[in-house]
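So you can see what is in the structure, the chains are spelled out below.
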Amino acid sequence: IQFSVKQNANFYYYIEKLIEEKEWMNLFHVIEKRDLLNSFLDFYDEIDKEMLFSSFITVYTRSEYGFDMLKEEMLEEIAFYNPNKKELKTLENKVNIYRGVASKSVKLGFSWTTNYDTALWFANRFNSTGYVLEAEIEEQYVIAYIDDRNENEVLILPSKIETLRKKTPIQM
């Protein structure tokens, strides 16, 4: 792991110990945000399959960018190990989803929301004049539902999107 800022020796040894003991959740809680996704990818093959989904969600919710590095095949594998996949069955067979797209956004990323207003906020944050995409996807292609940030977020497999529509750009 390369660190973004110079770390003290004790912290370096703590990180090395976490890696040696394969304490992935603790590791992903102490690594700086800008290094998280690369670290997850570096250790992906070493993470126990039972911990793969929860490790990914920890990295994902702490990260801000870089998700275009993830391949859909990897997301499918991660989704397979979602222990809460059964809970997603409460969603409709087909789910209406929205994505706020700003100037630096990945248009068809895997992070969407079931709430139009949330998508609109993401489209216009950072004083950007963005737009909202609306789509439909079968529930089986929803990797996870994350609502701990009140965003009604769904992680999806982008190649499985159906009926994609662009909404008129609106400045909030």
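Residues numbered from 1 in each chain as written. Predicted model: local features only at pLDDT ≥ 70, side-chain atom pairs only at ≥ 80, totals over all residues. Heavy atoms only, no water.

Peer 1: Is there a simple way to think about helix H1 (residues 9–20) in this case?
Peer 2: At 3.6 residues per turn, the α-helix brings residues three or four places apart onto the same side. For H1, which comprises 12 residues, the first-to-last C-alpha distance of 16 Å matches the rise-based estimate of 16 Å (1.5 Å per residue) to within 8%. Those residues of H1 not exposed but buried are Ile 15, Leu 18 and Ile 19. The buried residues of H1 occupy an angular sector of 100° when projected down its axis, which confines them to one face. Across from the buried face of H1, at angles greater than 90 degrees, the exposed residues are Asn 10, Tyr 13 and Glu 20. Residues of H1 that are buried in the fold lie against helix H2 (24–30) and helix H3 (33–43). (Helix = DSSP H or I, 4+ residues; strand = E, 2+ residues; numbered from the N terminus. Expected span 1.5 Å × (residues − 1). Buried < 20%, exposed > 50% of the residue type's maximum accessible area, 1.4 Å probe, protein only. Arc of directions from axis to C-beta. Contact = heavy atoms within 4.5 Å.)

Peer 1: Got a minute to help me understand the pattern of salt bridges in this structure?
Peer 2: Side-chain pairing between opposite charges can occur once the charged atoms of the two side chains come close. Considering all chains together, one arrives at 7 salt bridges under this definition. We note a salt bridge from Lys 17 to Glu 21, for which the minimum N-O separation is 3.2 Å. Residue classification places Lys 17 among the partly exposed positions, given a relative accessible area of 47%. Residue Glu 21 is classed as partly exposed on the basis of its relative accessible area, which comes to 43%. Note that Lys 22 is salt-bridged to Glu 46, the shortest N-O span being 3.4 Å. Residue Lys 22 is located in the loop between H1 and H2, and its partner Glu 46 is located in the loop between H3 and helix H4 (49–62); the two are separated by 24 residues in the primary sequence. (Salt bridge = Lys/Arg side-chain N within 4 Å of Asp/Glu carboxyl O.)

Peer 1: Just checking my understanding: could you explain the nonpolar core for this structure?
Peer 2: Nonpolar side chains in soluble globular proteins generally cluster together in the buried interior. Formed by 31 residues in total, the largest nonpolar core has its most connected members in Leu 27, Phe 28, Phe 40, Phe 56 and Leu 155. Put simply, the parts of the chain that give this core at least two residues each are H1, H2, H3, H4, helix H5 (72–80) and strand E4 (142–146). For this core, the element with the highest residue contribution is H4, accounting for 6 residues. Not counting residues up to four positions away in its chain, the partners in contact with Phe 28 are Leu 36, Ser 39, Phe 40, Ile 47, Ser 55, Thr 58, Val 59 and Arg 62. Residues Tyr 131, Leu 133, Ile 156 and Ile 161 belong to the second largest nonpolar core, which totals 12 residues. (Core = buried A, V, L, I, M, F, W, Y, C linked by side-chain atoms within 4.5 Å.)

Peer 1: Just checking my understanding: could you explain the pairing of strand E3 (residues 131–138) for this structure?
Peer 2: Consecutive side chains of a regular strand alternate in pointing toward one face of the sheet and then the other. For E3, the tally of buried residues reaches 6 of 8 residues, placing the bulk of the element in the interior. By the bridge criterion, 8 bridges tie strand E1 (residues 94–101) to E3 in an arrangement that is antiparallel. Paired with Tyr 98 across the two strands is Glu 134, which belongs to E3. With 3 bridges connecting them, E3 and strand E6 (residues 162–166) associate as antiparallel partners. Following the sheet pairing, Glu 136 is matched in E6 by Glu 162. (Pairing = 2+ DSSP bridges.)

Peer 1: Would you mind going over the confidence of the model for the chain with me for this structure?
Peer 2: Mean pLDDT over the chain works out to 85, with 87% of the residues at or above the 70 mark. E6 is the least confidently modelled element of the chain, averaging 87 in pLDDT, while H2 averages 94, the highest of any element. (pLDDT = per-residue confidence, 0-100.)

Peer 1: Which parts of the structure should I look at to understand unusual backbone geometry?
Peer 2: Outside of glycine, negative phi angles account for most residues, and trans bonds account for most peptide bonds. In the Ramachandran plot, Lys 22 falls in the positive-phi region, its phi being about 55° despite a non-glycine side chain. The exposure class assigned to Lys 22 is partly exposed, which follows from its relative accessible area of 40%. With a phi close to 55°, Asn 150 is a non-glycine residue in the positive phi region. With respect to the helices and strands, Asn 150 occurs in the loop between E4 and strand E5 (153–156).

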